[in-house]
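# Residue-level structure breakdown
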Amino acid sequence: NILPRCTYRMAESNKAMASVLYYAREGYYRHVQTVVTELLKTYGSDPALLFWKAYGIIMEDRTSEGIRELEGISDKRDMVLCSSMLLIHAHKKCKTIDREAIQQLETKIRSERTNCGEKSLYYAGMLLWLTGKHDKAREYIGRMLKLSPASKEGLTLQGWIDLTCNRDAFVKKSVKYFDEVLAGTEQPKPLDAMLGKARYYLSRHNFSHALDLLNQAVASYPGSVSALLDKMKVQLALQDWEQAMETTQRCLLTTQDQGGCVEATSLLVLELLVKEGSREEAANRLADLLVLLDRFEPKNHTLYYEMSLPYARIAGGNTLVLEQTTTFVERAISLAPLNPTYVTELAYQLLLRSQVKEALQTYKKAFNLDETSVPALAGIIHCQIVEGQLGEAEQQLDFLREVQSSIGKQANLLFLTALLAHKKGQPHGDVKKALEEVVDVHFGTIKGCPMSTRYFSLLNPAFLLDVTSLLLNYAPNEPTSSFSQAPPILLKAAAILDPLTKSVPGMMEALYLMSRVKFLSGQSETAHQLLQRCLDRAPNSIPSLLMMAQINLYQGNPKLSMQSLEQALSRHFEVQSYPLYHLVRARVVRAQENMAQAVASLKTAMSLLTSSSKKQSPSLSSSSSLLPPLTLGEKLDVYLELASAYTKMGQQAEAIKVMQDAMTEFKGSAVEVRVQIANADLLLVGGKVEEALQVLKGITEEKPYYIQAREKIANVYLNQHKDKAMYLSCYKELASRLPGPTTSLLLGEAYMNVGEVDLALEIYEAGLKQNPGDAILATKIGQALVNTHNYNKAITYYEAALKEESQRFLRCDLVELYIKLRQYDKAEKTLLAVLAPLSQESELSQLMEITKYLLLLAKVYQKSSQQTQTIQTLTKAREAQSRVLKRVGLEQPDAVQAQKQLAASISCQMAEHASGAQDYDEAVRFYSEALLHNDNHSKARLALAHLHLSRGELEACEHECVTLLRLDPSNEEAIVMKADLLFRKGEYTLAIQHYQELLSKKPKHFVALSGLIELMRRAGQLGDAQPYIERAETASARSAYEPGLNYCKGLLKWYQNDPNAALHLFNHARKDSEWGEHALFNMIEICLNPDDETLGGEAFKGVEEEAEGSQDRGDADQVAVRTAEKLLKEVHARSPVSALKVRVQENYVLMASKSKQNMERALAGFLELANSEQNSVSVLLGVATAHMILKQTPKARNHLKRISKMPWDPQTGEEFEKSWLLLADTYIQAGKYDMAIELLKKCLQYNKSCSKAWEYLGFITEREQAYKDAAVNYENAWKYSNCSNPSIGYKLAFNYLKAKRYVDAIDVCHKVLESHPGYPKIRKEILDKARLSIRS
C-alpha cells in the first residue's frame, strides 16, 4: 500500500507545482499565492513555497509585504540567490528606491553565486526567466545542469527558457530538453515538461501533436486545471470551437469549488463574440469575468488591461461590451495610474465608443505621462482628423513620419496618413496606395500567430473595418458584371475581409462589408447569403436591411426589396431621416415604374443631404452605428438618380439643373469623374452627341472610370455614328494603354459585337496565354465557339484545355455542350473519368466537385431517359453533399448557405422523381428534407403543399401554405393554393377574398382569375365575376390575343350556359402552352354535351322530348362528334393525369356516336381503364354512363354508389357532380325521391350554381304536385342557367301557372320566346292560359 500512496502524493505534488509554475508564467500572481498557501498547509513552512508566496505578493506591487515575507528565508542555503534577486526586484518597484540596500544585495549575490548548489541555481534561474532575463537565466541553469545533468527540473526549465525567448534558434532546440525529461519509463510523466513540449508544438503550429500530448497530461493528472487550460488553447488554435467549449466547461466544473476559472470564463466571452456574435450575452459574461478578476486577481493591473484588449476590438462598436472593457482598463489605471499604455488604451476604447472629445482628452493625458509615446500621439492625430482639425493633425503627423523612420513602419500611422489624405481630397491613387501598405504591415504583425486571445488583439478587427470602409469610398457604386473581373480595389477589400470573416464569423460588421464587396463584385447571390447571416444575428440592422433591399432589387425582386425597406421603417422610424433609405426606396419604386414617387423620394433625400449637419462617426465601419454616414459615392447617387428620373419623365431642364448642382458640389472630389460621365449621358439623351464625346474624351487614363468613359465613347461610335472601325479603335486603345485581362475581355467582346469571331478568339487566346489561370477568358473562348455554332471546334478546344491543370474547370462546360448536342455517351464517359480518381479524396473542395459532377451525370442520365441510373446518381450526390455539409461550417463558413441550398435542390430533384413514380411517401420525405436544409425554399414548400393537397391532407397543406405566406406574403402561387384549400374546405367566402386581394394587385393573374370564376360559380356568385374580367382586359395591352384572358372569358361564358361563345373564346387559347390543354378539354366537353345534359339519364327524357317537339338534332350532333375527335388529336398530354383524361374522352366520343357497336367498344375501354385506375372517379363515371346508355341500369348504379362513398376532391369535382346527378336520376326513375334529394343537396353543397340539381329538385316536387316548391327550385335552375335554357323556362312557367303566379309565368314565357321564338307549346299551353286566367 505504500507505493501507490507515494506515487499518488508525488503526482499531486507534481500537479500542484506545475500549477504554480503555470500561473507564474501566465501572470496570475494571486493564483500563485492561493496554490502556495494550500501547499504550506500540507508541507509546513517550506522555504521554496515561502519564496513563491513572496514572489506572488511582490509581482502584485505589494513590495513591503513581500520584502517581509522574504526576510525569513533570505539566509536559507538554497534560497539566498533567488531571495536576494527577488528583493532587488522588489526594491526597484518601490516609489522610493533604497539604492544602498540594492547594492548590499548585489554584493551578496556576487559572493554566493561562486559556490552555490544546484537548487540555489535552479530557483535563481527560474526567477530570472520569469522576470524576462532569458540570457541570464540560461547561464544559471547551464551551471546547474553541469552539476546535475539529469535534473528533470533543470532540463524542463531550460526547455521553457529557450521556448519563450523569441529566438528561433533556441526555440527549435528547446524540445530536446523536454524529450530528455519525458524519455524515461516512470509514470506519470512530469506535468510541466508535458506542458512545455505541448507549448513547443503549438508554437510550431503542430496542433495535433500538441493535443495528443495534452490529452495524455489530462489523463495522467485528473483535475489538473493547467493541463485543461492548455488543451483549451490548442483547441482554440485549431478553431475547433465545439471541443474548446467542452474543455472550458470541464475547467469550470473542476474549479467549481474554488469559485470559478478566469481563463475559462474569458474563453466563454470570446466564443460569444467571435463565433455567435451574441454581444448582449457577452457583456453579461464580461461582468462575471470582472467579478472573478476582482476576487482572484484584485491587484493585477496587467491582467485587467490585457483582458480588455481582444473584446474591445471584436465588439463591433457595441456600447454594452465596450462599457465593460473600459471598466477593465479603468481598474488597471486605478492600480497603476502612471502607466501611459493603460491610459492610451482607455482613450482608444472611448474612440471606439464614438466619444471623440473624451478620447482626445484622454490621449493628451497619456501623452503628458510619456511624451515619447507614439500610440498616444497617433491617437491625438486620429481624433483631430475626425474632428476636422486637419491642419494640426498634419503637423503632428509629419513629426511622427520622421519618428517612424527610426522605429519602423506602423500600420496605425500609415492609416492616419491615408485618412488625412482622404479628408483633404487628395488623389485617390495616393490614398489607395497608403491603404495597401497599411494592410501589408498590419497582417505582417500577426503572421504565424495561432488563434488565441492575443491573436484577436493583434488582428484588431475594429481597425481592419475602418481600413476597409475607407478603401470602399473609392470602390464603384454599381455592381460589376458577374462575367467581368472585379476591380482591384474590391479584390483588396475582399482580401482584408476574408481572414476577418473566417476568424470572427460572428462579427456582423465584417459580414456586412463583405456582402457589400461581393455585391459590387457582381456576386449578388453570395452577398445575399452573407447578408442573411447578418440579419439572422441582428434582424433590426438598418444597414443590413437597406443593403438587402438593394440586392433584391438588383436580382429583380422589387417586392422583396420593398419588404426590406418597410421592415427597416417599422423597426426604426427614424430611418426616414436617413438619405440612403430614400435613395433605395426611389430605386425600388422606379423599378415598379412609379416615377412620380421616385422623384418625391429623391427630393426628400436631397433635402436631407443639404440640411444634414451631423458629424461623421469616428469609426468608419459602415454598420457600426444605427444610421451610418453616407459615403461620397452614395451622396452623388442621390443627384444622379434624381437627374435620371427627371430625364425619364421628360423634364430635361430639371435634370440639367440637378446635374449642374452635382458638378458644383463634387468638383475636385474623388467622384468628380462620375459626374462627368453622367453629364455626358444627359447630353446624349438631349441629342448633343459631339458635346458628350468632348466631355468623355476629357477623362484621361490616370483618372478613375477611364475604362467606362472609353466604353461610352465606343458605344456612341457604334450606335450613333454607325462607325465600327472607330468603335473597335476605342477598345484597341484601351488594351494598349491598360494591358490586362479586363481590357482583353472588353476588346474580345467588341469584336464579338461586330461579328468578328475569329479576331475575338485571337484576343481571348492571347490574353489567356498571359494569364493561364484566368477562368473568365477561358470560358469566353468556349462560349464564343458555341454561340457561333462552331461545335466541333468548341469540343476540340475544351478537350485540349482540359489537359492543362489550371483549366480543369472547363469540364462542366464541355459536358453541357455534349448534352446540348445529345452526345450523352461522351458526356457520361467524361464525367465517369473525372469521378473515378476523386472518389478517394477527402478535401472539402474536392468533395464539392464530386457533388457537382454527380449532378451533371444525373442530368445526362435523365436526358437519355435512364431513370434508374438518374435516381442512383442523385442518391450518390445527396450522400456526397451530406459529407460537405458536415465540414463546410468549420472550413468555409461563408459557403454554408450556398451548400445548404444545393443540398435542398438535390432533395427536390429526388422528390420530383419519387412523385413521378407515384411514391408519394418518399416524395414527402425528400421535400421535407429540402426544407430542413433551406427553410426558405419556396419551390420545395409549394411542391410539398401540392402533394399534401393531392393526398387530401388538408391540415398539412394548410401548414405549408401558412408558412410560405409568412416567409413571403406576396407569393402568388401560395395565395392561389390557400384559396384552393379554403375552397376544398367549403369556405368559399374566404377563398374568394384571397383571389380578390391578389387580383386587385395583379389583375392579369389568370390562374387566380380562373380560380375565382370557378369559386364564384360554386358559391352561386357567378354574376360578380364580370368586373374582374373587365379589369384584366383593361390591364392587357392586347386583350383580344391574351390566351389566359380568353380562357377565363370562355370559362365564364360556359358556366353562363353560352356554349357557342365559350367555344369561340377557348379556341383563341387552344394553341397556348399553358392554357391550351385546359381549353381543348373544355372544347371537347362542350362538343360532346353542349346543353349540359345528364349523359345516360332518363328522368327528363320523355318530358324534354315532348317540350322540344322531339326535334331532330342528329346531323348537328355528328358534326360536333367529329369536331371533338379532331380536337382530341391536338391534345399532347404532359402528365399522367392528362393522359388518362385523353383516354376517357376517347371513349366518350365513341359513346356520342350513338352506334351500339361503338358504345360497347367504349364500355370495354372504360372497363380496361378501371382495372389499372380502380379509384379514378372519371373512369368509374364513364363505366356507369356506358352501362346506362346500354340500358344496364343495375350495373351502372353499383359503380355510382361506389363513387358516392368516396371523399369529395375538387380536382375531380365535376366528375363527382355528374355521378351524383346520374345516380339521383336512377333513384327518381325508381321513385326513391328521398335518396335522390339527398344526393342533389350534396351537389348543391359543393356547387350552388348547379342548375341541373335545381332542375331535378323541381322535377321531384312537381311530381309530388308541390307546385310552389317546384317553382322555387325551377327559379334557381332558370337563374343559374343564365335564363337561357328553354326547357327549364318551360317548366318554370308551367309551375308558375299551376301555383297561380300568372304574371310571373307570362314574364318567363316572353323570355323563352324572345330567345327561342319557335319553342313548341309554351305559347298555347302556358302563355295563353295565363293571360286568360288573369282576365277571369
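## Some remarks on the overall build of the protein chain
What the protein chain contains, in helices and strands, is 71 helices and 0 strands. Here the C-alpha atoms of the protein chain give a radius of gyration of 43 Å, more than 25% beyond the 34 Å that 2.2 N^0.38 yields for 1336 residues. Its C-alpha atoms give the protein chain principal-axis dimensions of about 150 × 95 × 70 Å. Taking all 1336 residues of the protein chain together, 53% fall into the buried category. Surface accessibility of the protein chain: about 60800 Å² in total, with carbon and sulfur atoms responsible for 49%. Averaging the coordinates of the 158 positive side-chain charges in the protein chain and doing the same for the 158 negative ones gives two points 1 Å apart.

## Considering helix α40 (residues 741-753)
A turn of α-helix holds 3.6 residues, and therefore any two residues three or four places apart point the same way. Taking 1.5 Å per residue, 13 residues should reach 18 Å; α40 reaches 18 Å between its end C-alpha atoms and fits that length. Of the residues making up α40, those classed as buried are Pro741, Thr743, Ser744, Leu745, Leu746, Leu747, Gly748, Ala750 and Tyr751. Remark: glycine 755 follows α40 within two positions and exhibits a positive phi of approximately 85°.

## Details of the packing of helix α32 (residues 579-591) against helix α34 (residues 632-648)
Close contact between α32 and α34 brings their axes to 10 Å; oriented N to C, the two are set at 30°. Considering their axes alone, α32 and α34 lie roughly parallel with respect to each other. Relative to α34, the crossing made by α32 is left-handed. Facing Leu580, Leu583, Arg587 and Arg590 of α32, the residues of α34 in contact are Glu634, Asp637, Val638, Glu641, Ser644, Ala645 and Lys648. For the contact of α32 with α34, a count of residues per class yields 4 nonpolar, 1 polar and 6 charged.

## What to know about the nonpolar core
By size, the foremost hydrophobic cluster in this structure holds 251 residues, and its most contacted members are Phe51, Trp52, Tyr55, Leu270, Phe415, Phe456 and Leu459. In this structure, Leu964, Leu965, Ala974 and Trp1278 belong to the second largest nonpolar core, which totals 131 residues.

## Topic: the pattern of salt bridges
This model, assessed by the stated rule, comprises 60 salt bridges. Lysine 275 is the salt-bridge partner of glutamate 276, the closest N and O atoms lying 3.7 Å from each other. Here glutamate 276 falls in the partly exposed class, since its relative accessible area comes to 35%. For the salt bridge of aspartate 681 with lysine 712, the shortest nitrogen-to-oxygen distance reads 3.1 Å. Of this pair, aspartate 681 sits in helix α36 (residues 672-685) while lysine 712 sits in helix α38 (residues 706-719), placing them 31 residues apart in sequence. The structure contains a network of salt bridges with shared partners spanning Glu478, Arg587, Arg590, Asp637, Glu641 and Arg674.

## Considering empty space enclosed by the protein
Picture a little ball the size of a water molecule; that probe, rolled over the atoms, points out where space is still empty. Going through the model one piece at a time under the given rule, you end up with 5 cavities of 30 Å³ or more. Of the voids in this model, the largest cavity is the one considered here, and its volume is about 120 Å³. As for the largest cavity, its lining consists of 13 residues, and the residues nearest its centre are Asn477, Arg516, Leu520, Gln550 and Glu634. Secondary structure elements with two or more residues in the lining of the largest cavity: α28 (508-520), α30 (542-554), α32 and α34. Among the residues forming the lining of the largest cavity, the class breakdown is 6 nonpolar, 3 polar and 4 charged.

## Regarding a negative patch on the surface
Taken together, the side chains of Glu756, Asp758, Glu762 and Glu765 make up a negatively charged region of the molecular surface. Inspection of the secondary structure assignment puts glutamate 765 in helix α41 (residues 757-770). Look at glutamate 765 and you get partly exposed, because its relative accessible area is 37%.

## Here we look at the environment of leucine 465
By the secondary structure assignment, leucine 465 is in helix α26 (residues 461-472). With 44 residues separating them in the primary sequence, leucine 465 and glutamate 509 have C-alpha atoms 7.6 Å apart.

## Topic: unusual backbone geometry
The omega torsion across glutamine 187 and proline 188 is -5°, close enough to zero to call that bond cis. With respect to the secondary-structure elements, proline 188 resides in the loop between α10 (168-182) and α11 (191-203). Notably, aspartate 61 is not glycine yet its phi reads approximately 70°, a positive angle. You can call aspartate 61 partly exposed: its relative accessible area is 35%. Here asparagine 1057, not a glycine, exhibits a phi torsion of approximately 65°, which is positive. On the basis of relative accessible area, asparagine 1057 is assigned to the partly exposed category, the value being 22%.

## Thoughts on the confidence of the model for the protein chain
Model confidence for the protein chain is summarised by a mean pLDDT of 86, while 94% of its residues fall at 70 or above. Predicted confidence is poor over residues 1-10, with pLDDT under 50, and the contacts of this stretch with residues over four places away or in other chains come to 3 contacts. This stretch, residues 1105-1111, has a pLDDT under 50; its non-local contacts, to residues over four places away or in other chains, come to 10 contacts.

## Some remarks on helix α27 (residues 488-503)
For α27, spanning 16 residues, the distance from its first C-alpha to its last is 23 Å, which sits close to the expected 22 Å at 1.5 Å a residue. The sharpest bend along α27 measures roughly 25° and falls at leucine 497, with the proline proline 499 sitting one to four residues further on.

## Describing the environment of leucine 1332
Along the polypeptide, leucine 1332 turns up in helix α71 (residues 1322-1335). The spacing of leucine 1332 and alanine 923 is 409 residues in sequence and 71 Å in space, taken between C-alpha atoms.

## Here's the deal with the packing of helix α16 (residues 279-296) against helix α18 (residues 319-335)
One way to put it is that α16 packs onto α18 with a least axis distance of 8 Å and a crossing angle of 20°. Taken together, α16 and α18 sit at an angle that is classed as roughly parallel. Viewed along their axes, α16 and α18 form a crossing whose handedness is left-handed. Here Arg279, Glu280, Ala283, Leu286, Ala287, Leu289, Leu290, Leu293 and Asp294 of α16 come into contact with α18, specifically with Leu320, Val321, Gln324, Thr325, Thr327, Phe328 and Arg331. Within the contact of α16 with α18, the residues separate by chemical class into 9 nonpolar, 3 polar and 4 charged.

## Comments concerning the packing of aromatic side chains
By the definition in use, this model includes 24 aromatic pairs. Residues tyrosine 1148 and phenylalanine 1166 carry aromatic rings whose centres are separated by 5.5 Å and whose planes lie at 70° to one another, so their mutual orientation is edge-to-face. Pair noted here: tyrosine 1148 is in helix α61 (residues 1136-1152) and phenylalanine 1166 is in helix α62 (residues 1156-1172), with a separation of 18 residues, a long-range link. Ring-pair connections join several aromatic residues into one group, and the members of that group are Tyr29, Phe51, Trp52, Tyr55, Tyr122 and Tyr123. In this arrangement the basic side chain of arginine 925 is found over the ring face of phenylalanine 926, its NZ or CZ atom lying 4.6 Å from the centre. Over the aromatic face of tyrosine 1055 sits the side chain of arginine 1017, whose NZ or CZ is 4.1 Å from the ring centroid.

The rules behind these values
Residues numbered from 1 in each chain as written. Predicted model: local features only at pLDDT ≥ 70, side-chain atom pairs only at ≥ 80, totals over all residues. Heavy atoms only, no water. Helix = DSSP H or I, 4+ residues; strand = E, 2+ residues; numbered from the N terminus. Rg over C-alpha atoms; globule rule 2.2 N^0.38 Å. Buried < 20%, exposed > 50% of the residue type's maximum accessible area, 1.4 Å probe, protein only. Areas by Shrake-Rupley, 256 points an atom, 1.4 Å probe, with all protein chains shown as cover. Lys, Arg positive; Asp, Glu negative; His and termini not counted. Charge placed at Lys NZ, Arg CZ, Asp CG, Glu CD. Expected span 1.5 Å × (residues − 1). Axes fitted to C-alpha atoms, helices over the stretch in contact; angles between N-to-C directions. Parallel < 35°, antiparallel > 145°, perpendicular 65-115°, else oblique. Left-handed = near helix turned anticlockwise from the far one by under 90°. Contact = heavy atoms within 4.5 Å. Nonpolar A, V, L, I, M, F, W, Y, C, P; charged D, E, K, R; others polar. Core = buried A, V, L, I, M, F, W, Y, C linked by side-chain atoms within 4.5 Å. Salt bridge = Lys/Arg side-chain N within 4 Å of Asp/Glu carboxyl O. 1 Å grid on protein atoms, 1.4 Å probe; cavity = no way out; pocket = protein on both sides within 12 Å on 5 of 7 lines; lining within 4 Å. Points joined across faces, edges and corners; volume = space filled by probe spheres on them. Patch = residues over 30% accessible without salt bridge, like charges linked within 9 Å, V, L, I, M, F, W, Y side chains within 5 Å. pLDDT = per-residue confidence, 0-100. Bend = angle between axes of the 7 residues up to and from the residue. Phe/Tyr/Trp six-rings, centres within 6.5 Å; stacked < 30°, edge-to-face > 60°. Lys NZ or Arg CZ within 6 Å of the ring centre and 35° of its normal.

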